[in-house]
Amino acid sequence: ETGVTQSPTHLIKTRGQQVTLRCSSQSGHNTVSWYQQALGQGPQFIFQYYREEENGRGNFPPRFSGLQFPNYSSELNVNALELDDSALYLCASSLGSGGPTDTQYFGPGTRLTVL
Amino acid sequence: AQSVTQLGSHVSVSEGALVLLRCNYSSSVPPYLFWYVQYPNQGLQLLLKYTSAATLVKGINGFEAEFKKSETSFHLTKPSAHMSDAAEYFCAVSDRANQGGKLIFGQGTELSVKP
């Protein structure tokens, strides 16, 4: 059991709306990463936060933003939703500072559908 | 840019047969390599990782993978498949210079196990 939880499990939004997805990391894990997994694809890195600061970002537009809080929780915010944003959103926490060999522990994901 | 290719989007084996899932990476410098498994409606779970120690890496549930620099490969094997091994498997790489925690995933291979 990884201890990483995400809410909600499923979410349906319409194009143009805004959405906030939440993640609770394992206690003591100072790093959280977010990934987007489209149907039939591997996860794609959105960004990573270490001690409440963005530590790295993938090829996603600025309408994807995040926050990390001192209590090991974090948020992924997406503005101006597009149909292509429909995907499974995964968060992953790690014990280290976000280095390349850190083991990332994944939550079960939030399934977002944009209509 | 780094990339990962998983040959075969779907592999089917009989229970008790050898499991072989293929992963090739593209990088001028040998990266760090990971295999993750994803069961339905669950997040990703780390099976094993290569961090430039031993080239033969043993993981959980009887899986192992061998890093072959000359072939730029990191194939996942298990001598004898169990029904419980049916899942989606992802190979991933991270850059040695990467301090932003970015994992680059392959497209995934769905493993089916026939009784």
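Cut-offs used in this document
- Residues numbered from 1 in each chain as written.
- Chains lettered and ligands numbered in written order.
- Predicted model: local features only at pLDDT ≥ 70, side-chain atom pairs only at ≥ 80, totals over all residues.
- Heavy atoms only, no water.
- Helix = DSSP H or I, 4+ residues; strand = E, 2+ residues; numbered from the N terminus.
- Polar contact = N/O pair within 3.5 Å; in protein donor to acceptor, adjacent residues only side chain to side chain.
- Contact = heavy atoms within 4.5 Å.
- Pairing = 2+ DSSP bridges.
- Axes fitted to C-alpha atoms, helices over the stretch in contact; angles between N-to-C directions.
- Core = buried A, V, L, I, M, F, W, Y, C linked by side-chain atoms within 4.5 Å.
- Buried < 20%, exposed > 50% of the residue type's maximum accessible area, 1.4 Å probe, protein only.
- Disulfide = S-S within 2.5 Å.
- Buried area = accessible area lost by both parts, 1.4 Å probe.
- Salt bridge = Lys/Arg side-chain N within 4 Å of Asp/Glu carboxyl O.

Brief notes about the side chain of A:Gln36
All names here are of chain A.
1) Next: Topologically, Gln36 is positioned in strand E4 (residues 31-37).
2) Next: For Gln36, the side chain forms a polar contact with the side chain of Tyr89, separated by 2.9 Å.
3) Next: When residues no more than four places from it in sequence are discounted, the contact partners of Gln36 are Gly42, Pro43, Gln44, Ile46, Phe60, Phe64, Asp84, Asp85, Ala87, Leu88 and Tyr89.

Observations concerning the sheet that holds strand E7 (residues 64-68) of chain B
All names here are of chain B.
1) Next: Here we have five strands laid out as an open sheet, ordered E1-E3-E8-E7-E6, and antiparallel in their pairing. On the outer flanks of this sheet lie strand E1 (3-7) and strand E6 (56-58), each paired with one strand and no other. Looking at each pair of strands side by side, their axes are set apart by 20° on average, direction ignored.
2) Next: Here E6 pairs with E7 via three bridges, running antiparallel. Note that in E7 the partner of Leu56 across the bridge is Glu66.

Remarks on the nonpolar core
1) Next: Residues B:Trp35, B:Leu47, B:Leu48, B:Phe74, B:Leu76 and B:Tyr89 are the most contacted members of the largest nonpolar core, which totals 27 residues.
2) Next: Elements represented by at least two residues in this core include exactly strand E2 (10-14), strand E3 (19-26), strand E4 (32-38), strand E5 (44-50), E7, strand E8 (73-78), strand E9 (87-94) and strand E11 (109-114) of chain B.
3) Next: When near neighbours in sequence (up to four residues on either side) are disregarded, B:Leu48 contacts B:Leu33, B:Phe34, B:Trp35, B:Val57, B:Lys58, B:Gly59, B:Phe63, B:Glu64, B:Ala65, B:Phe74 and B:Leu76.
4) Next: A:Leu21, A:Trp34, A:Cys91 and A:Val114 belong to the second largest nonpolar core, which has 20 residues in total.

What to know about the state of the cysteines
Between two cysteines, a covalent bond joining their sulfur atoms is known as a disulfide.
1) Next: Inspection of the entire model under this criterion finds two disulfides over all chains.
2) Next: Two residues, A:Cys23 and A:Cys91, share a disulfide whose sulfurs are 1.9 Å apart. Across the S-S bond of A:Cys23 and A:Cys91 the torsion is about 65°, and the bridge reads as right-handed. A residue pair is termed long-range when its members are at least 10 positions apart, and A:Cys23 in strand E3 (residues 19-24) and A:Cys91 in strand E9 (residues 87-94) qualify at 68 residues.
3) Next: The buried category is assigned to A:Cys23, whose relative accessible area is 3%.
4) Next: In this structure A:Cys91 comes out as buried when scored by relative accessible area, which is 0%.
5) Next: B:Cys23 shares a disulfide with B:Cys91; S-S distance 2.0 Å. Here the disulfide of B:Cys23 and B:Cys91 is left-handed, its torsion about the S-S bond being about -60°. With B:Cys23 in strand E3 and B:Cys91 in strand E9, this residue pair connects regions lying 68 residues apart in the sequence.

Side note on the interface of chain A and chain B
1) Next: In this complex, chain A contributes 24 residues to the contact, which on the side of chain B involves 24 residues.
2) Next: Buried surface at the junction of chain A and chain B, both sides included, amounts to about 1700 Å², of which 53% is carbon and sulfur.
3) Next: Summed over the three residues of chain A that lose the most area to chain B, namely A:Pro100, A:Thr101 and A:Phe106, the buried surface amounts to 32% of that side.
4) Next: Linking chain A with chain B are zero salt bridges, by the criterion used here.
5) Next: Here chain A is connected to chain B by seven residue pairs in polar contact (both at pLDDT 80 or more).
6) Next: For the side of chain A that touches chain B, the secondary structure elements donating two or more residues are E4, strand E5 (44-50), strand E6 (53-57) and E9 of chain A.
7) Next: In terms of residue count, the dominant contributor to the side of chain A that touches chain B is E4(A) (three residues).

Examining the pattern of salt bridges
Residues and elements named next belong to chain A.
1) Next: Evaluated as defined, the whole model comprises six salt bridges over all chains.
2) Next: Arg63 is paired through a salt bridge with Glu82; the nearest N and O atoms lie 3.3 Å apart. Of the two residues, Arg63 is situated in the loop between E6 and strand E7 (64-68) and Glu82 in the loop between strand E8 (73-78) and E9; the sequence distance between them amounts to 19 residues.
3) Next: Given the relative accessible area of 17%, Arg63 is considered buried.
4) Next: In this structure, Arg63 engages Asp85 in a salt bridge whose closest nitrogen and oxygen atoms are separated by 2.8 Å. Residue Arg63 is located in the loop between E6 and E7, and its partner Asp85 is located in the loop between E8 and E9; the two are separated by 22 residues in the primary sequence. Asp85 carries the same exposure label as Arg63, and that label is buried.
5) Next: One salt-bridge network, held together by shared partners, links Arg63, Glu82 and Asp85.

Fair warning: the whole summary comes from geometry, so function is off the table for now.
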